[in-house]
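Residues per chain, in single letters:
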Amino acid sequence: MSAPEDLIASTRELLWERGYVGTSPRAIQQRAGVGQGSMYHHFTGKPDLALAAIGRTAEELRAAAEDRLAGPGTAVERITAYLRRERDVLRGCPIGRLTQDPDVVADPALRRPVEETFAWLRDRLAGILAEGRDRGELPAGLDPVATACAVVAVLQGGYVLARAADSAEPFTQAVDGVLGLLAAHTRPA
């Protein structure tokens, strides 16, 4: 990789592990194996580098989600594929964790890719749920927007429960629970 790519990769990992405040320019440089001059040659400072790292993480998360959500099957089958995809549950969501970082939330530029990622996911899920409703897979009274928001909240809450318990089981239970609720409303083909 090139120096800018090494810096972005290092920053992504450190943000996930330590958050914004705990990620120092020195730690980024050490993990990337580059000097201070290289960092400041490619980025104006820590906020600029963090923005690039958060943006890259957001892009990859959207691509991984889209890979499952765009697949074949009913609305519930596609959402199931997304929720059950392999994840590092005990590390939490690299975007969701940033919402707990006061410096990220306070900075509109750093917060923007986080907001956009969650908005994209809610909109994408709502669209799939609306398709399922329109095809008769789900009840006509289903509110796709509210249901999509609930799915995202359960997913993020599942990460929190898993981290608190130091076990992936609460995450799995949360996913099983929301899928059970969706399946209870699924109409036979």
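I will try to describe carefully the structure that is included in this document. (Residues numbered from 1 in each chain as written. Predicted model: local features only at pLDDT ≥ 70, side-chain atom pairs only at ≥ 80, totals over all residues. Heavy atoms only, no water.)

### Quick notes on the overall build of the protein chain
Moving on, step 1. In terms of helices and strands, the protein chain carries 9 helices and 0 strands.
Moving on, step 2. Mapped in sequence order, the helices and strands of the protein chain form the string α-α-α-α-α-α-α-α-α.
Moving on, step 3. Projected onto its principal axes, the C-alpha positions of the protein chain cover 60 × 30 × 30 Å.
Moving on, step 4. If you take every contact in the protein chain between residues at least 6 apart in sequence, the share linking residues at least 24 apart comes to 66%.
Moving on, step 5. Counting every atom, the protein chain has about 9500 Å² of accessible surface; 54% of that belongs to carbon and sulfur. (Helix = DSSP H or I, 4+ residues; strand = E, 2+ residues; numbered from the N terminus. Contact = heavy atoms within 4.5 Å. Areas by Shrake-Rupley, 256 points an atom, 1.4 Å probe, with all protein chains shown as cover.)

### What about the packing of helix 4 (residues 46-69) against helix 7 (residues 108-134)?
A pair of packed helices is characterised by two quantities: the angle between their axes and the separation of those axes.
Moving on, step 1. Two numbers describe how helix 4 lies on helix 7: the axes approach to 8 Å, and their chain directions differ by 10 degrees. The orientation of helix 4 relative to helix 7 falls into the category roughly parallel. Side by side, helix 4 and helix 7 meet where Pro47, Ala50, Leu51, Ile54, Gly55, Ala58, Arg62, Ala65, Glu66 and Leu69 of the first sit next to Ala109, Leu110, Pro113, Val114, Thr117, Trp120, Leu121, Arg124, Leu125 and Ile128 of the second.
Moving on, step 2. A class-by-class count of the residues in the contact of helix 4 with helix 7 yields 15 nonpolar, 2 polar and 3 charged. (Axes fitted to C-alpha atoms, helices over the stretch in contact; angles between N-to-C directions. Parallel < 35°, antiparallel > 145°, perpendicular 65-115°, else oblique. Nonpolar A, V, L, I, M, F, W, Y, C, P; charged D, E, K, R; others polar.)

### Notes on the pattern of salt bridges
Moving on, step 1. In the structure shown here, the tally under the stated rule is 12 salt bridges.
Moving on, step 2. With a shortest N-O distance of 2.8 Å, Arg56 and Glu5 are connected by a salt bridge. Here the residue Arg56 occupies a position in helix 4, and Glu5 occupies one in helix 1 (residues 3-18), the gap between them amounting to 51 residues.
Moving on, step 3. On the basis of relative accessibility, which here comes to 28%, the residue Glu5 falls in the partly exposed class.
Moving on, step 4. Two residues, Glu131 and Arg135, come together in a salt bridge whose shortest N-O distance is 3.6 Å. (Salt bridge = Lys/Arg side-chain N within 4 Å of Asp/Glu carboxyl O. Buried < 20%, exposed > 50% of the residue type's maximum accessible area, 1.4 Å probe, protein only.)

### Considering the side chain of Thr23
Moving on, step 1. Looking at where Thr23 falls in the secondary structure, it is placed in the loop between helix 1 and helix 2 (25-32).
Moving on, step 2. Among the polar contacts made by the side chain of Thr23, one reaches the main-chain carbonyl oxygen of Leu14 at a distance of 3.3 Å.
Moving on, step 3. From its side chain, Thr23 meets the backbone oxygen of Gly19 in a polar contact 2.6 Å long. (Polar contact = N/O pair within 3.5 Å; in protein donor to acceptor, adjacent residues only side chain to side chain.)

### Section: the nonpolar core
Moving on, step 1. Core analysis: the largest hydrophobic core is formed by 49 residues, its most contacted members being Leu7, Leu69, Ile79, Leu83, Ile95 and Leu125.
Moving on, step 2. Contributions of two or more residues to this core are made by helix 1, helix 2, helix 4, helix 5 (75-83), helix 7, helix 8 (144-165) and helix 9 (169-184).
Moving on, step 3. When residues of this core are assigned to their parent elements, the largest contribution, 8 residues, is made by helix 7.
Moving on, step 4. Excluding its chain neighbours within four sequence positions, the residues that come into contact with Leu125 are Leu69, Ile79, Ala148, Val151 and Val152. (Core = buried A, V, L, I, M, F, W, Y, C linked by side-chain atoms within 4.5 Å.)

### Some thoughts on the state of the cysteines
Moving on, step 1. For the structure shown, the criterion picks out 0 disulfides.
Moving on, step 2. You can see Cys93 has no disulfide; the closest cysteine sulfur is in Cys149, sitting 15 Å from it. (Disulfide = S-S within 2.5 Å.)

### As for the environment of Ala183
Moving on, step 1. Residue position: Ala183 is located in helix 9.
Moving on, step 2. Along the sequence, Ala183 and Ala52 sit 131 residues apart, while their C-alpha atoms lie 39 Å from each other.

### Some remarks on the packing of helix 5 against helix 9
Moving on, step 1. It is the contact of helix 5 with helix 9, at a shortest axis distance of 11 Å, that shows an interaxial angle of 175 degrees. By the angle class used here, helix 5 and helix 9 are roughly antiparallel. When helix 5 is examined against helix 9, the residues Val76, Ile79, Thr80 and Leu83 are found in contact with a partner set consisting of Phe171, Val175, Val178, Leu179 and Leu182.

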